[in-house]
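# Fold and geometry: a report
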Amino acid sequence: MNNTDAFTRKFIFNVQLTKEEFLIKLKIPNVNDTLEYELNDECSIITFKKDFSKISYNLKVIEINKELQIRVEQIPVFYENTNIPFLINEFFISKFNATPVEFFE
């Protein structure tokens, strides 16, 4: 199953947490997180950092039938070559026990 678009700029996950639980956990960086990150005040933009690279993503949290759907979409800016997009699945799966969802537009 592929939970990202062809350019690895958009991702979709389901999470078995309430929106409040998700946001609380998101606001607390953990030494075990696979990527370092920063959040804006509204938790609507997450910026992942690795080595000397960083990429920002819009973060949408949608409640659907007692489940949360997390949509992560890269903010369109030119980025240098980095492997951050290839680490996003691992980040959400390990931090939130997220389930990748088949990508659709």
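Residues numbered from 1 in each chain as written. Predicted model: local features only at pLDDT ≥ 70, side-chain atom pairs only at ≥ 80, totals over all residues. Heavy atoms only, no water.

Our next topic: the overall build of the protein. Looking only at helices and strands, the protein has two helices and six strands in total. Seen in sequence order, the protein has helices and strands lined up from the N terminus as β-α-β-β-β-β-α-β. Since a compact globule built from 105 residues should have a radius of gyration of about 13 Å, the 13 Å found for the protein is in line with a globular shape. Principal-axis analysis of the C-alpha atoms places the extent of the protein at approximately 40 × 30 × 25 Å. Scored against the burial criterion, the 105 residues of the protein give a buried share of 40%. For the protein, contacts bridging at least 24 residues in sequence account for 61% of all contacts bridging at least 6. Surface accessibility of the protein: about 6,800 Å² in total, with carbon and sulfur atoms responsible for 52%. (Helix = DSSP H or I, 4+ residues; strand = E, 2+ residues; numbered from the N terminus. Rg over C-alpha atoms; globule rule 2.2 N^0.38 Å. Buried < 20%, exposed > 50% of the residue type's maximum accessible area, 1.4 Å probe, protein only. Contact = heavy atoms within 4.5 Å. Areas by Shrake-Rupley, 256 points an atom, 1.4 Å probe, with all protein chains shown as cover.)

Residue pairs three or four apart in sequence face the same way in an α-helix, which turns once every 3.6 residues. What helix H2 (residues 88-96) keeps buried is the set Ile-88, Phe-91, Phe-92, Lys-95 and Phe-96. Down the axis of H2, the sector holding all buried residues measures 90°, keeping them to one side. Buried positions along H2 lie against strand S1 (10-15), helix H1 (19-26), strand S2 (36-39), strand S3 (45-50), strand S4 (53-64) and strand S5 (67-74). Just beyond H2, the residue with positive phi is Asn-97, at close to 55°. (Arc of directions from axis to C-beta.)

The subject of this paragraph is the pattern of salt bridges. Pairing between side chains becomes possible if they bear opposite charge and their charged atoms approach one another. Under the defined criterion, the tally for this structure stands at two salt bridges. Between Lys-95 and Asp-33 there is a salt bridge, and its shortest N-O distance comes to 3.2 Å. Taken as a pair, Lys-95 in helix H2 and Asp-33 in the loop between H1 and S2 lie far apart in primary sequence, 62 residues in all. Exposure class is identical for Lys-95 and Asp-33. Each is buried. With its nearest N and O atoms 2.5 Å apart, the salt bridge here joins Glu-38 to Lys-49. On the criterion of sequence distance, the pair formed by Glu-38 in strand S2 and Lys-49 in strand S3 is long-range, its members being eleven residues apart. Judged by its relative accessible area of 43%, Glu-38 is partly exposed. (Salt bridge = Lys/Arg side-chain N within 4 Å of Asp/Glu carboxyl O.)

So, on to the sheet that holds strand S6 (residues 99-100). Pairing in this open sheet of six strands is antiparallel, and the strands run S2-S3-S4-S5-S1-S6 from one edge to the other. Here the strands that pair on one side only, and so sit at the sheet edges, are S2 and S6. Examined bridge by bridge, S3 and S4 share six bridges and lie antiparallel to one another. By the bridge assignment, Ile-45 is partnered in S4 with Asn-58. Packing against the sheet, H1 makes contact with S1, S2, S3, S4 and S5, and its axis sits at approximately 165° to S4. (Pairing = 2+ DSSP bridges. Axes fitted to C-alpha atoms, helices over the stretch in contact; angles between N-to-C directions.)

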